[in-house]
Each structure stands twice: as structure tokens, then as C-alpha cells.
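# Summary of the model geometry
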Amino acid sequence: MKLKTKDLLTLEELNNNELSHIIDFGIKLKKELKNGKTKPILKNKTLAMIFQKPSTRTRVSFETGMFQLGGHALNLSSNELQLSREESIEDTARTLSRYTDIIMARVYDHKMIEILSKNSTVPVINGLSNSFHPCQTLADLMTIKEKKKKLQGLKIAWIGDGNNVCNSLIYGCSKSGINISIATPKGFEPDRQVIKKSKMNIEIETITNPEIAIKNADVVMTDTFTSIHNIDTKREKKFLPKFQVNTSLMKKAKTNAIFMHCLPAKRGHEVTSSVIDGPQSVVWDQAENRLHTQKALLVSLLGI
Ligand code: CP
Ligand code: NVA
């Protein structure tokens, strides 16, 4: 399936069918890989990966994914590009479009990925900005579908910071029929516009009580209280101890609830080791599924 959108910047760009196609295609590619049946669908294709911020999962899963599909990935740290010497984002986009078939970038300001997208003739993927992390949502939804065998009608509890990961997740929930209850300290809610655009399709609750949010949840999710772009060193004090996902909080979700975290985790802060290493945690499957869903995304954006 060729996606209607040229780029994936927030997840809002995908319609319900396209999102569900990428998830199912990811599941199919995972099976093929496990059975040793990979096909070089992206032979002779090159992905440029620009990183303004550190990464483990995004970098390795995109690079490995391109390799497995018969293509090639270039890892470009932004301070090694001429961007660091004030070449414009526009000119960088124009140049990379002449060499490569697709661009993925991890940036600070979300505007940078929008400028890249406007000035490149090839597809652009947001590999995380301060505001959104759409690739994470693809892997999260695939993981939930694998574990729960469905998406429609489930309830996710998001506990902690209403951040970039949460913003893309809300779009993902809205396009998959998943209700979401978000518990954050006051002032740490997700993007209001995202909620406004998503709430006609699903139930979205934004509250300050994690114990209420987690009630009847099929999936419990959190993320680090301090994201890469957060500079306030006192932030964590606003979250602890109330917003920590620990064994006693987990007990208030459904008994068969799964625990998810995009990683990297700060154990003993947003989540205890007893939960992340416990029987309900699916975080390693979740991390693995970055690989499969992004391969599905690359192929679908290129329409191959
Ligand atoms: N979840 C995620 O994006 O991880 P990295 O920061 O390691 O890429
Ligand atoms: N919210 C985190 C996600 C890391 C993958 C951050 O932006 O640092």
C-alpha cells in the first residue's frame, strides 16, 4: 500500500486503514524475518538518518531494518553535517533529496522536521522531536495488537509526563479506537490541540490521579519524567512519588494488564524494577517492534 502522505511527522497524517495496514504489515515482516524469509524490497534504496539527539533504539532499528530490506542507511550526526556551520535546513533537505530515497531525522524543535519535509522531494520521517514520536506509536500499537489480539475498545492508562510520546500515542489511539486516560501533574498535560482533534473518536481523560487513570486499564504506559530536551533539573520532584508506576499501582489495573515503556527507562523513578522486569512487562517486545513497524513504514511511504 502506498500511503497518501509523503511524510510521517506526528501520526496525524495516517488514516485509520493506513495505520492498521502498517501494524499488520509489521506483524507479517516479523514472521518472515523469524522464518528466514526476508525479501530485498528496498534494494538500492538509501535512508539518510539525521540525529540532533542521542538514540539507541531508533538508530539501530532503522539501520538494521534498511539492511534487512536490502537497502542502506547513513547515520548523520547533525554536528558533523554542514548544518553545524549554518548551512540551512532547507538546503540540507534539497541536497539529501538528490542522493537518498528517504530521510529520517531526530530533532529538538518540531519546526525543523516540518522545514525538512517542505524542502525535500523524498519522504521524511520524524524519529522524535520535542513534540511527537510517531514511530514509537507504531511499535506500541503493534505490540498491543500482538498481546491483546485487538485494539478497538481497549483502555490505555498513561501515567507521568504528557510528552512527545504521549502526543503521538493519542493520535494512534484515536485512529485505532483505544480509549486513553492520562494522569499527569498539573501543567504536564499533553498538547491541547492533539486532544481536541482526537476526542471525537475515543474517550480521552486528562486527570491528576494515577489511581483513577489506571482503573480498568488493559495497558499501562509511562515514560521518563525528564526527556532529552528538558533542562529543568528539578522536574522530577513534581512527579515523585505520586506518578511512579510500581507494584502497588499496577495492581489497580486489570489483572491481565500489560506494562509498556518506550525506553530508555530510569528505574526507581517513573517505574520500579519490580514492574519493568516483572511478568506484566512487554518492554523488550515493544523495543523489538520498532524494527518491524519501521520496515513496514519505509516500504509503505516509498509505495513499493
Ligand atoms: N524509544 C526510543 O526512541 O529510543 P531511543 O531514544 O533509544 O531511540
Ligand atoms: N520522551 C523521551 C522519549 C525518548 C525515546 C524523550 O524525548 O527524551
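Quick summary incoming for the structure in this document. (Residues numbered from 1 in each chain as written. Chains lettered and ligands numbered in written order. Predicted model: local features only at pLDDT ≥ 70, side-chain atom pairs only at ≥ 80, totals over all residues. Heavy atoms only, no water.)

## Some details on the packing of helix 1 (residues 16-34) against helix 11 (residues 283-302)
Going by this rule: For helices, the fitted line uses only the C-alpha atoms of the stretch in contact; every axis is such a line through C-alpha atoms, and the angle between N-to-C directions lies from 0 to 180 degrees. Secondary structure elements follow DSSP: runs of H or I of four or more residues count as helices, runs of E of two or more count as strands, with numbering from the N terminus. Helix crossings get a hand from a simple test, with the near helix turned counterclockwise from the far one by less than a right angle marking a left-handed crossing and a clockwise turn marking a right-handed one. Contact between two residues is taken to exist if any of their heavy atoms lie within 4.5 Å; hydrogens are not considered. Any residue that is not Ala, Val, Leu, Ile, Met, Phe, Trp, Tyr, Cys, Pro, Asp, Glu, Lys or Arg is counted as polar, Gly included; the first ten are nonpolar and the last four charged.
Where helix 1 contacts helix 11, the axes come no closer than 8 Å and their chain directions differ by 115 degrees. Helix-helix and strand crossings are classified by hand; for helix 1 and helix 11 the assignment is right-handed. Side by side, helix 1 and helix 11 meet where His21, Ile22, Phe25, Gly26, Leu29, Lys30, Leu33 and Lys34 of the first sit next to Glu288, Asn289, Leu291, His292, Thr293, Lys295, Ala296, Leu297, Val299 and Ser300 of the second. In terms of residue class, the contact of helix 1 with helix 11 is built from 8 nonpolar, 6 polar and 4 charged.

## As for the site of ligand 1
For the record, the criterion: Throughout, near means a residue has at least one heavy atom within 4 Å of the molecule or strand. In the analysis that follows, any N or O atom pair within 3.5 Å is treated as a polar contact, provided that within protein one partner can donate a hydrogen and the other can accept it, and provided that, for residues neighboring in sequence, both atoms belong to side chains.
As a matter of local geometry, ligand 1 sits amid Ser55, Thr56, Arg57, Thr58, Arg106, His133, Gln136, Cys262, Leu263 and Arg290. At 2.8 Å from an oxygen atom of ligand 1 is found a side-chain nitrogen or oxygen belonging to His133. A distance of 3.0 Å separates a nitrogen atom of ligand 1 from a polar atom in the side chain of Gln136.

## Some points on the sheet that holds strand 7 (residues 204-207)
Definition in use: Each pair of strands is called paired provided DSSP finds at least two bridges between the two strands.
Overall, parallel pairing links the 5 strands, which are arranged 7-6-5-8-9 in an open sheet. Each edge of the sheet is formed by a strand with only one pairing partner; in this case those strands are strand 7 and strand 9 (258-261). Ignoring strand direction, the axes of neighbouring strands in this sheet form an average angle of 20 degrees. One ladder, built from 4 bridges, connects strand 8 (residues 219-222) with strand 9; its direction is parallel. Bridge pairing in strand 9 places Thr222 opposite His261. Together, strand 5 (155-159), strand 8 and strand 9 form the strand contacts of helix 5 (residues 134-148), whose direction differs from that of strand 9 by roughly 165 degrees. Running at roughly 170 degrees to strand 5, helix 6 (residues 164-176) makes contact with strand 5, strand 6 (179-183), strand 7 and strand 8 of the sheet.

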